[in-house]
Amino acid sequence: MRIEINKKRYRDYDSYMKEKVNKKIIKLPLDGGFTCPNRDGTISKEGCIFCSESGSGEWTFGKKSIREQISHQKARLSKEGRPEAYLGYFQNFTNTYGDLSRLRKLYYEALTDDDIIGLAIATRADCLSDQVLDLLEEINDKYFLIVELGMQSVNDRTLALINRGYDHVTFDSGLKKLKARGIKVLVHMIVGLPFEGYDDYIKTISYINEAAPWGIKIHNLYVEENSKLEKFYQENKLTYGMDMDEYVKIVIEILRKLRPEIVINRLTGDGINDKIAFPIWSKNKAKILTSIDKIMKDKNYRQGDLWKEE
Ligand code: SF4
């Protein structure tokens with residue numbers, strides 16, 4: 001029996017995976033005990049301006065063994081009676097930054113169970129040595145692999161402001177290295193970064209269309225309490241101007257201009273609601289998604305209906 005597929009007007013991850021394996025594929029967030037060169041002092045100690053204490057891994061389960069984390073996350077995320085399989089999701093900090101033998105051990109430990117069909121590995125585009133790429137290619141040959149890269153913007157002025165720690169040319173080179181080895185790349189983009197506007201988003205989308213990664217995650221910027229980003233807003237007397245309607249409008253515009261085959265993995269921020277200082281509307285992810293779906297359906301919009309090959 002075929003599992004029911006979402007009827008979105010964009011190519012959503014859930015449907016993509018169900019079509020592929022006829023199961024609900026759940027990502028199990030894992031903490032591999034990594035750090036990040038942008039946090040350990042190699043590049044800086046400050047980190048990206050939006051990075052949380054947990055290294056942008058809000059849904060991981062502490063520094064337990066990989067086996068314990070997998071059991072915990074399966075129990076938390078599974079639903080009785082649903083055909084399911086899983087991806088081990090190395091989510092927080094930089095999950096290709098470390099000793100190669102340690103990376104190999106962690107990745108394969110996460111792949112032990114038969115119902116884990118592959119991995120999603122979040123990292124930085126400047127942390128992809130040839131040896132790491134060899135290991136990723138080896139895993140990609142045997143399992144389903146996604147490598148997630150935090151791009152956020154193509155605008156180098158913005159990248160300096162958010163302290164990402166490397167420029168767009170370096171990002172592009174990392175993405176191309178992964179693609180050359182046939183590895184699926186999932187690019188993160190943030191809408192609402194300080195001093196960015198519509199033209200910046202369109203520039204970022206033009207790059208994504210040209211680079212043609214496997215997938216994209218679009219996040220709205222959200223500001224956590226007591227974060228560096230909150231301090232930045234206070235010190236610069238900035239206000240967060242974008243309301244939910246505007247965000248929804250921008251996301252729809254982005255979807256319409258995006259290559260139709262790019263897989264949409266997220267359309268909202270992924271923060272923990274209790275920690276979000278503002279915007280309050282970003283706590284209601286379901287409302288954001290429903291609004292996007294409704295407008296696209298009412299107006300008969302689809303992903304890529306404004307995209308043209310350049
Ligand atoms: S690259 Fe990731 S882990 Fe490192 S500082 Fe930036 S958001 Fe945090």
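All figures in this text were calculated on a predicted structure; none of them were measured in a lab.

Draft legend 1. Up close: the overall build of the protein. Scanning the protein for helices and strands turns up 10 helices and 9 strands. Relative to its length of 310 residues, the protein is compact, with a C-alpha radius of gyration of 19 Å against a globular reference of 19 Å. Per-residue burial for the protein yields a buried fraction of 55% across its 310 residues. Across the protein, every contact between residues at least 6 apart in sequence was considered, and the portion connecting residues at least 24 apart equals 79%.

Draft legend 2. How the structure looks around the state of the cysteines. Evaluated as defined, the whole model comprises 0 disulfides. Its sulfur unpaired, C127 is 6.7 Å from the next cysteine sulfur, which belongs to C36.

Draft legend 3. Geometry of the site of the ligand. Close to the ligand lie 10 residues, the nearest being C36, G47, C48, C51 and R124. Of the residues in the shell around the ligand, the class split is 5 nonpolar, 3 polar and 2 charged.

Draft legend 4. Structural context of helix α2 (residues 66–77). Between its first and last C-alpha, α2 extends 16 Å over 12 residues, near the 16 Å set by a 1.5 Å rise per residue. All of the buried residues along α2 are I66, Q69, I70, Q73 and K74. Down the axis of α2, the smallest arc covering the buried residues is 130°, so these residues share one side. Its buried side turned inward, α2 meets β1 (24–30), β2 (84–90), α3 (100–110) and β3 (116–123).

Draft legend 5. How the structure looks around helix α1 (residues 13–21). Among the residues of α1, those classed as buried are Y13, D14, S15, Y16, M17 and K18. Looking at the buried positions of α1, the neighbouring elements they touch are β1, β2, β3, β4 (144–152), β5 (184–191) and β8 (263–266). Once α1 finishes, N22 follows within two positions and takes phi at roughly 55°, a positive value.

What counts and what doesn't
- Positions within a chain are numbered from 1, following the residues in the order the chain's sequence is written.
- Only residues with pLDDT of 70 or above have their local features reported here, since the model is predicted, and side-chain atom pairs are shown and tallied only from 80 upward, although totals for entire chains, interfaces and linings are computed over all residues.
- Computation of side-chain values covers all heavy atoms of the structure but excludes hydrogens and water.
- A run of H or I in DSSP counts as a helix once it spans at least four residues, and a run of E counts as a strand once it spans at least two, with each numbered from the N terminus.
- Values of the radius of gyration come from C-alpha atoms, whereas the globule rule sets the reference at 2.2 Å times the count of residues to the power 0.38.
- Whether a residue is buried, partly exposed or exposed follows from its accessible area with a 1.4 Å probe, protein chains only, as a fraction of its type maximum: under 20%, in between, or over 50%, in that order.
- Here, residues are in contact when the closest pair of their heavy atoms is within 4.5 Å.
- Our working definition of a disulfide is a cysteine sulfur pair at a distance within 2.5 Å.
- Near residues are defined by distance, with any heavy atom within 4 Å of the molecule or strand qualifying the residue.
- Classes in brief: Ala, Val, Leu, Ile, Met, Phe, Trp, Tyr, Cys and Pro nonpolar; Asp, Glu, Lys and Arg charged; the others, Gly included, polar.
- In this scheme, a helix's expected span is set at 1.5 Å multiplied by one less than its residue total.
- The arc in question is the one spanned by the directions pointing from the helix axis to the C-beta atoms.

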